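Structural description and commentary
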Amino acid sequence: MNSTTAPPDAGGRIRELIVTPIAFADPPLLNADGVHEPLALRCILQLVLEDGTVGLGETPGGSARLARLQRAAKILPGHNVFDTTALCAAVDETLLPDVPSAHERGWTTSAIEVACLDAQGKLTGRPVSDLLGGAVRDSVPFAGYLFYKWAEHPALDGRPAIDDPWGEALTPDGIVAQARRMQELYGFTSFKLKGGVFPPDEEIAAIEALREAFPGAPLRLDPNTAWTVETSAYVAKRLDGVLEYLEDPTATIAGMADLARISPLPLATNMCVIAWEHLKPAVRDNAIQVLLTDHHYWGGLRRTRELAAVCEAFDIGLSMHSNSHLGISLAAMTHVAAALPRLDHSCDTHYPWNSGSDIIEPGVLKLENGEVRVPTGPGLGVTLDTDALERMHRRYLDSGIRDRDDSGYMRRVHPDHRPGLPRW
Ligand code: MG
């Protein structure tokens, strides 16, 4: 073969995967575990092909997930980026001996699959939504994600307090004010409250205040398994007709199944059904009526479409989960949500809590009227801001923070905090 002639698949051959851990500012958002630390961690993936094409991915950080991505990076060179199923299977097999949890392995394969699809889109000149069967909607609805929060991160370890434009929200009035600001800035028409922070009656009062302030707006409440089955049943009865669904009120498929038998409200989860093996018992026991899918751990964007088909078959409604994230994840969430034939609820997003920081160049992704328009450029349709990547990577290195610890951070501020759940 002439040495100057490229092999026919050179355009798709993977040269390397670059994984960059980053940190960005996060406000003091409260949850059942504790409180968000001043920095959120993510990993940014750059899947570099032999022809110089780069596919982007983004996934939650943390030392174990970072180490798994770095292990996966070793076996990717030489694979063709269009062999996504086979190369994700190879990554899964590599991790299996040390990582028995399919859910945990899913974080790694999912991030790589998204980077593959971004690269495929750039090679073919098609948006990722086209690679998923085509967008069935031009824009994707998102919910305003409300949090109880402190006015500031308190002064700690010699660093001063860190405030933010959102201020304090610890009461029903504070939550309604936050929702109004969310609506003014981004046009949200549905809202989710992160609960599990205060006694259930206080959170019921916050939901009732939201109902009064936003008549007709879909509302949901997610206490992250802070309640027993009995407490969950009490809240479900109090909020019957007010919430569209109750999200992870109590732990485990068995607990949700017990609750589902007496709850007048549909039950949703992104905590007890988080891997394919959980679907069978959940469906058999009618434990959930809504699944919050998340492409970051279900195996990527194509697997999310397949998951949606399973949900359709068993009449399980579809919504979408979010962790603290930046624009690459938002683009991926938007593409896959656009390609789902049936999306029953607006998607969750932490995006408004990023204080404007992002890892992509501005202009493509905008939250307007509570929606994000589906990017139409090749791949995910977003461009990595390399200066921001360098800056956020430096911040990660300098911070010394390597794992998320909402509970530990809360105990440093309030030593009497007890992390055990259920709390009520
Ligand atoms: Mg949740």
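Here goes a summary of the coordinates provided. (Residues numbered from 1 in each chain as written. Predicted model: local features only at pLDDT ≥ 70, side-chain atom pairs only at ≥ 80, totals over all residues. Heavy atoms only, no water.)

What about the overall build of the protein?
The following threshold applies: Strands are runs of DSSP state E lasting at least two residues, helices are runs of H or I lasting at least four, and both sets are numbered from the N terminus onward. Within these notes, the globule rule equals 2.2 Å times the number of residues to the 0.38 power, and the radius of gyration is based on C-alpha atoms. Exposure categories follow from relative accessible area, calculated using a 1.4 Å probe and restricted to protein chains: below 20% of the type maximum is buried, above 50% is exposed, and the middle band is partly exposed. We call two residues in contact when some of their heavy atoms are within 4.5 Å.
For the protein, the count of helices and strands is 13 helices and 15 strands. Against the globule reference of 22 Å for 424 residues, the protein gives a C-alpha radius of gyration of 21 Å, in line with a compact fold. If one aligns the C-alpha atoms of the protein with their principal axes, the spans along those axes are about 75 × 55 × 45 Å. A total of 424 residues make up the protein; the buried ones form 57% of that total. Of the contacts made within the protein by residues no fewer than 6 positions apart, 73% connect residues no fewer than 24 positions apart.

Some words on the sheet that holds strand β3 (residues 54-60)
Operational definition: One bridge is not enough; two strands pair if DSSP finds at least two bridges between them. Axes, fitted as lines to C-alpha atoms, cover a helix only where it is in contact. Angles between the N-to-C directions of the axes lie from 0 to 180 degrees.
Pairing is antiparallel in the open sheet, where three strands are placed in the order β1-β2-β3. The open sheet has two free edges, formed respectively by β1 (14-25) and β3, since each of these has just one partner strand. Averaged over neighbouring strand pairs, the angle between their axes works out to 20 degrees when direction is ignored. Note: β1 against strand β2 (residues 39-49), 11 bridges, orientation antiparallel. The residue bridging Ile-22 from the neighbouring strand is Arg-42, located in β2. The sheet strands contacting helix α3 (residues 102-124) are β1, β2 and β3, and the helix crosses β3 at an angle near 155 degrees. On top of the sheet, helix α12 (residues 386-399) reaches β1 and β2; it is set at about 65 degrees to β1, its chief contact.

Remarks on the environment of Asp-118
Convention followed: Under this definition, polar contacts are N or O atom pairs within 3.5 Å; protein pairs additionally need one hydrogen-donor-capable and one acceptor-capable atom, and for neighbouring residues in sequence, both atoms have to be side-chain atoms.
For Asp-118, the position within the fold is in helix α3. Overall, the relative accessible area of 0% leaves Asp-118 in the buried class. As for Asp-118 and Gly-55, which are separated by 63 residues in sequence, their C-alpha atoms are 4.8 Å apart. Of note is the side chain of Asp-118, whose polar atom sits 2.7 Å from the backbone nitrogen of Leu-380.

Let's talk about the side chain of His-417
Looking at the secondary structure, you find His-417 in the segment after α13 (406-413). Within polar-contact distance, the side chain of His-417 engages the backbone oxygen of Asp-33 at 2.8 Å. Those residues within four positions of His-417 in sequence are excluded, and the remaining contacts are Ala-32, Asp-33, Gly-34, Ser-407, Met-410, Arg-411 and Arg-423.

What about the packing of helix α5 (residues 172-186) against helix α6 (residues 200-213)?
The condition is simple: For classification purposes, an angle smaller than 35 degrees is called roughly parallel, one larger than 145 roughly antiparallel, one from 65 to 115 roughly perpendicular, and anything else oblique. Should the near helix be turned counterclockwise from the far one by less than a right angle, the crossing is left-handed, whereas a clockwise turn marks it as right-handed.
Between α5 and α6, whose axes approach to 8 Å, the crossing angle comes to 40 degrees. When the interaxial angle is binned, α5 and α6 end up oblique. As α5 packs across α6, the resulting crossing turns out to be right-handed. Listed contacts from α6 to Pro-172, Ile-175, Val-176, Ala-179 and Arg-180 of α5 are Glu-202, Ala-205, Ala-206, Ala-209, Leu-210 and Ala-213.

Focus on helix α1 (residues 63-75)
The criterion, for reference: Comment: arc refers to directions from the helix axis out to C-beta atoms.
Those residues of α1 that sit buried are Leu-66, Arg-68, Leu-69, Ala-72 and Ala-73. On an axial view of α1, the arc spanned by its buried residues comes to 160 degrees, and they lie on one face.

Let's talk about the packing of α1 against helix α2 (residues 84-95)
Threshold: When residue character is reported, Ala, Val, Leu, Ile, Met, Phe, Trp, Tyr, Cys and Pro are called nonpolar, Asp, Glu, Lys and Arg charged, and the others, Gly included, polar.
Direction vectors running N to C along α1 and α2 enclose 125 degrees, while the axes themselves pass 10 Å from each other. Classified by the interaxial angle, the pair formed by α1 and α2 is oblique. In terms of crossing hand, the pair formed by α1 and α2 is right-handed. Between α1 and α2, the residues in contact are Arg-68, Arg-71, Ala-72 and Ile-75 and Ala-90, Val-91, Thr-94 and Leu-95, respectively. Residue composition of the contact of α1 with α2, grouped by class: five nonpolar, one polar and two charged.

Re the pairing of strand β9 (residues 219-222)
Heads up, the condition is: Handedness of a crossover: with both strands directed away from the viewer, a clockwise path from the first strand across the helix to the second marks it as right-handed.
Of the two faces of β9, the one carrying Leu-219 and Leu-221 and the one carrying Arg-220 and Asp-222 are both buried. Taken together, the four bridges between strand β8 (residues 191-194) and β9 define a ladder with parallel strand orientation. Residue pairing in the sheet places Lys-194 in a bridge with Asp-222 of β9. In this fold, the crossover linking β8 to β9 by way of α6 has right-handed handedness. Sheet topology note: the β9/strand β10 (residues 245-247) ladder contains two bridges and is parallel.

Re α6
Note: α-helices contain 3.6 residues per turn, so residues at a spacing of three or four share the same orientation. Rules: Here, expected helix span is obtained from the residue count minus one, scaled by 1.5 Å.
Taking 1.5 Å of rise per residue, 14 residues should cover 20 Å, and α6 covers 20 Å from first to last C-alpha, within 8% of that figure. Within the sequence span of α6, burial applies to Pro-200, Glu-203, Ile-204, Ala-206, Ile-207, Ala-209, Leu-210 and Ala-213. Looking at the buried side of α6, the elements it contacts are β5 (144-147), α5, β8, β9 and α7 (229-238).

Bear in mind that shape data such as this cannot, by itself, settle questions of function.
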